[in-house]
Amino acid sequence: MAAKRTKFGRGTHARGFPSVLAVVPAFNEAGAIAGVVRELRGVRPRVDVLVVNDGSLDNTAETAKRAGAWVVNLPFNLGIGGAVQTGFRFALDHGYDAAVQVDGDGQHIPAEIPALIAALKSTRADVVIGSRFLDEPQGYTTSPIRRIGVRVFTRVNSLVLGKKITDNTSGFRIFDRRALVFLSDHYPQDYPEPESVILLGRNGFVLEEIAVRMRERGSGKSSISTLRSIYYMVKVLLAIFIDVFKTPVEREG
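Residues numbered from 1 in each chain as written. Predicted model: local features only at pLDDT ≥ 70, side-chain atom pairs only at ≥ 80, totals over all residues. Heavy atoms only, no water.

Draft legend 1. Geometry of the sheet that holds strand 6 (residues 173–176). Read across the sheet, 7 strands follow the order 3-2-1-4-6-5-7 without closing on themselves; strand pairing throughout is mixed. The sheet is open, and its two borders are formed by strand 3 (70–73) and strand 7 (207–211), each paired with just one other strand. Along the sheet, successive strands turn relative to each other by an average axial angle of 20 degrees, direction set aside. Examined bridge by bridge, strand 1 (residues 20–26) and strand 4 (residues 98–101) share 4 bridges and lie parallel to one another. The residue bridging Val 23 from the neighbouring strand is Gln 101, located in strand 4. Where helix 4 (residues 113–122) meets the sheet, it contacts strand 1, strand 4, strand 5 (127–131), strand 6 and strand 7, and its direction lies at approximately 145 degrees from that of strand 5. Most of the contacts of helix 7 (residues 192–202) go to strand 6, to which it runs at about 30 degrees, and overall it touches strand 4, strand 5, strand 6 and strand 7. (Pairing = 2+ DSSP bridges. Helix = DSSP H or I, 4+ residues; strand = E, 2+ residues; numbered from the N terminus. Axes fitted to C-alpha atoms, helices over the stretch in contact; angles between N-to-C directions. Contact = heavy atoms within 4.5 Å.)

Below, the structure is given as structure tokens:
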């Protein structure tokens, strides 16, 4: 699973800024991935771009390479957890200080990444989450069932951690190296975002949020139907319940 190195490298990051890898998990995102990669490559200070092609059946990988990304091709579809974890291990293996998770469908706005990086540098946080719901005037519009899920995860996770996280399902997050080391071994595999909040919080990592904007998908449609949304919510709540009773993993360093 070797990534193809493009003409850009890691030697020109701004002085005083951490080296950051954008990890883009992608499954059948050929219609949107080129635009996502181009926007990411335009971020200043610069971030490097890795697309983790999660067994796509279309030309996601080829399109991402042409747009200038490094690409890791998984041999079959692992799901979002396996794809993101692959990206985290790549970031560690290549010496990055931090990794920012970005969806491949165009909903996340790469121009918001410098704000995530700044928050990581200026706070005690190990993880900074881009929240759609922290700034109500810019509130993100979603379906009724997903709004219910967001409220449920907010209440449950806030109760467990003693800290309110408004957007537990956000896939737009930046992680420092310590968090990457932990998650490279302990990242949840199915619908990982809410459960990873619990895992991180219960293992002593500091999480913060900043308000970000998000937009509609660049192409295609979400694979999560109403029934799958209900299944997703129940399954993740059960996983969180199990996590609450696990002994926290001792962190190294």
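That was the structure; now back to the text.
Draft legend 2. Spatial organisation of the packing of aromatic side chains. Enumeration over the complete set of coordinates arrives at 4 aromatic pairs. With centroids separated by 5.5 Å and ring planes inclined at 75 degrees, the aromatic side chains of Phe 88 and Tyr 187 adopt a geometry described as edge-to-face. Taken together, the positions of Phe 88 in helix 3 (residues 80–93) and Tyr 187 in the loop between helix 6 (177–186) and helix 7 put the pair 99 residues apart, joining distant regions of the chain. An aromatic cluster of three or more residues is present, and its members are Phe 88, Phe 175 and Tyr 187. (Phe/Tyr/Trp six-rings, centres within 6.5 Å; stacked < 30°, edge-to-face > 60°.)

Draft legend 3. Representation of the pattern of salt bridges. Tallied over the full model, the rule gives 7 salt bridges. Put simply, Asp 48 and Arg 46 hold a salt bridge, and the shortest N to O gap is 2.2 Å. Taking relative accessible area as the criterion, Asp 48 reaches 0% and is therefore assigned buried. In this structure, Arg 213 and Glu 112 form a salt bridge, with 3.0 Å as the shortest nitrogen-oxygen distance. Residue Arg 213 is located in the loop between strand 7 and helix 8 (226–244), and its partner Glu 112 is located in the loop between strand 4 and helix 4; the two are separated by 101 residues in the primary sequence. (Salt bridge = Lys/Arg side-chain N within 4 Å of Asp/Glu carboxyl O. Buried < 20%, exposed > 50% of the residue type's maximum accessible area, 1.4 Å probe, protein only.)

Draft legend 4. Local environment of the environment of Val 49. Relative to the helices and strands, Val 49 is located in strand 2 (residues 48–53). Separated by 28 residues in the primary sequence, Val 49 and Leu 21 place their C-alpha atoms 5.9 Å from one another.

Draft legend 5. Geometry of helix 3. Between the first and last C-alpha of helix 3 there are 20 Å, a value that for 14 residues agrees with the 20 Å anticipated at 1.5 Å per step. Among the 14 residues of helix 3, 11 are classified as buried, and the element is accordingly described as predominantly covered. Of the residues making up helix 3, those classed as buried are Gly 81, Gly 82, Ala 83, Val 84, Gln 85, Thr 86, Gly 87, Phe 88, Phe 90, Ala 91 and Leu 92. Count one or two residues on from helix 3 and you reach Gly 95, which has phi positive near 75 degrees. (Expected span 1.5 Å × (residues − 1).)

Draft legend 6. Spotlight on the nonpolar core. Core analysis: the largest hydrophobic core is formed by 34 residues, its most contacted members being Val 51, Val 100, Ile 113 and Ile 174. Discounting chain neighbours no more than four positions away, the residues touching Ile 113 are Leu 40, Val 43, Val 47, Val 100, Val 102 and Phe 172. Counting 29 residues, the second largest nonpolar core, distinct from the first, contains Val 72, Tyr 96, Ile 129 and Ile 165. (Core = buried A, V, L, I, M, F, W, Y, C linked by side-chain atoms within 4.5 Å.)

Draft legend 7. Geometry of helix 1 (residues 33–41). Among the residues of helix 1, those classed as buried are Ile 33, Ala 34, Val 36, Val 37 and Leu 40. Each buried residue of helix 1 sits inside an arc of 160 degrees when the element is viewed along its axis, so together they form one side. (Arc of directions from axis to C-beta.)

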